[in-house]
Amino acid sequence: MVTEADVQDAVVELLRKTVVRLPADVKVALEAAYGAEVDEVPKMQLKAILDNIALAEEGVTPMCQDTGVTIFYITLPRNATVAVEKAIVEGVRRATKEVPLRPNAVHPITRKNPGDNVGDRMPYINCRVGAEDHIEITVMTKGAGSENMSQMAMLTPSQGVKGIKEFVLNTVLRAGGNPCPPMVLGVGIGGSADISMKLAKEALLRPLNKRHEDPAIASLEQELLEALNLLGIGPMGLGGKTTAIGLNIEYAFCHTASLPVAVNVQCWAARRGTVRIHPDGRMEFPTHEGVS
Amino acid sequence: MATRLKTPLSEESVRSLKLGETVYIDGVVLTGRDEVHIHALEMFEKGESTPVDFKGAALFHCGPIMRKTGEQWEVVAAGPTTSSRMNSLEPSFIEKFRPGAVIGKGGMSQPTVDAMKEHGCVYLAITGGAAVLAAKGIKSVSGVEWYELGMPEAIWIMNAENFGPLTVGIDTKGNSLYAAVGAKVKENEKRARSQLGLE
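Please read these numbers as outputs of a predicted model, since none were measured by experiment.

Peer 1: A description of the packing of aromatic side chains should follow, citing residues and the corresponding values.
Peer 2: Per the stated rule, a full pass over the model turns up 9 aromatic pairs over all chains. With 5.4 Å between their ring centres and 70 degrees between their planes, phenylalanine 60 of chain B and phenylalanine 163 of chain B make a pair best called edge-to-face. Of this pair, phenylalanine 60 of chain B sits in strand S3 (residues 58–60) while phenylalanine 163 of chain B sits in strand S9 (residues 155–170), and the two are 103 residues apart along the sequence. Judged by relative accessible area, phenylalanine 60 of chain B falls into the buried class, the value being 0%. Seen in terms of ring centroids, tyrosine 147 of chain B and tryptophan 156 of chain B are 5.9 Å apart; in terms of plane orientation they differ by 80 degrees. Their pairing is edge-to-face. Its relative accessible area of 37% is what places tyrosine 147 of chain B among the partly exposed residues. The class for tryptophan 156 of chain B is buried, based on a relative accessible area of 0%. Each residue in the set Phe44, Phe54, Phe93 and Phe97 of chain B is aromatic and connected to the rest through ring pairs, giving one cluster. One residue, lysine 17 of chain A, lies across the ring of phenylalanine 285 of chain A, its end atom 4.5 Å from the ring centre. Note that lysine 43 of chain A overlies the ring of tyrosine 34 of chain A, its terminal NZ or CZ placed 4.6 Å from the centroid.

Peer 1: Explain empty space enclosed by the protein residue by residue, including any values.
Peer 2: If you walk through the whole model with that rule in mind, you get 2 cavities of 30 Å³ or more. In this structure, the largest cavity encloses a volume near 60 Å³. Lining the largest cavity are Val26, Met140, Val184, Leu204, Arg206, Leu208, Gln266, Ala270, Arg271 and Arg272 of chain A. Here the residues of the lining of the largest cavity sort into 6 nonpolar, 1 polar and 3 charged. The volume enclosed by the second largest cavity comes to roughly 40 Å³. What lines the second largest cavity is Ala48 of chain A together with Ile126, Thr127, Ala130, Leu133, Ala134, Gly164 and Pro165 of chain B. Listing elements by their share of the lining of the second largest cavity, those giving two or more residues are helix H5 (131–136) and S9 of chain B. Considered class by class, the residues forming the lining of the second largest cavity number 6 nonpolar, 2 polar and no charged.

Thresholds applied
- Residues numbered from 1 in each chain as written.
- Chains lettered and ligands numbered in written order.
- Predicted model: local features only at pLDDT ≥ 70, side-chain atom pairs only at ≥ 80, totals over all residues.
- Heavy atoms only, no water.
- Phe/Tyr/Trp six-rings, centres within 6.5 Å; stacked < 30°, edge-to-face > 60°.
- Helix = DSSP H or I, 4+ residues; strand = E, 2+ residues; numbered from the N terminus.
- Buried < 20%, exposed > 50% of the residue type's maximum accessible area, 1.4 Å probe, protein only.
- Lys NZ or Arg CZ within 6 Å of the ring centre and 35° of its normal.
- 1 Å grid on protein atoms, 1.4 Å probe; cavity = no way out; pocket = protein on both sides within 12 Å on 5 of 7 lines; lining within 4 Å.
- Points joined across faces, edges and corners; volume = space filled by probe spheres on them.
- Nonpolar A, V, L, I, M, F, W, Y, C, P; charged D, E, K, R; others polar.

Take a look at the structure:
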């Protein structure tokens, strides 16, 4: 029997792994970027990033001081009896002290900081019921530097794919060096205003080396990524070949009169983590396999 | 050879720095971001003095993760925050408080470039997100002011040794590496647009 305390422990461990260690696909992409740069300034920036990743892993220390706000995606079994959402809230509270995480969550108007990353609707939990018998918890610890560069637009259907490309390009141009490039772009197309933004963030949960299963979308991902890397914004906006190390698109059907498009901007520290808690209490961390 | 700078920074040493040069800092580094700028400027308007002297200081746009063991604070992670959020506040902050260097990421806009030229201040870029690397250059913490603003927004008084590497992103002659990259990006945008079939 999985208890609430088990889930809480799993959440603390998940947050620790997530803020300390990047998923393998992100690390591989950053190493490749270092290899591809020629000029001294971008090389030095990527070297600092790779050195920092190694130091964080060695010291089991958060790789960036901005440990973000915690956005959760959970899938529950149909017969779930554990109060998973409550366990997540308590897990975040504990992780803030134990990892530690920076207390980032504040009241949006008074800016009061309770100090434990917990407040109204934060941690934010997206919940669905799945067919499996395990509990799956995915977390994204999203920093503000990149999130602040995110944008959405309600295009007209006649603007079509060109309009989407234009919007993605302009978002990246406007972001420049601010979101800690090399960046990852999550693009959400369709649905409605709110759904496109949700899809944009969910697109960031897909590994960078995995293209969309629809070949037309996959080729749009590739085309946009290549074009963005012609811009020369470079690591930290100091110039260079690598502006983005990934671009993923997710879409949903939308109203015949609408074309919503959203871009969620992610910094190089593309931190995401997943834990599966099986009915017998066994835990798996598929994003952080083979590491303690 | 990288240049080593010691705080408080003299105007002469700051004015001798060249764009793109690599720099390391020894001495005191003060953190200050949105709220510190707002509060310090409000106090100046009221004729009150701030708890720390910013003259010749290395002002770090940083909201660190700190840990308290007993009475002693230590740095866990201390990378830079996005400097452009302080664009509207920095020119006036530089004029009133005269820091010698602003350390951050992403660069700052023309009014700050102008204020840096006029008052002898540089912008030093540190790699964003590389918070553990940055913390390595902080040897101890001698105090904190305005802690009530929250851990990220307080003024942390940090003792630095070989803090860096930092790149001179804006010098005292009105040059900005970010403006130079921006001009190139504008040129490159044409290629990107044509590749995407956008005219």
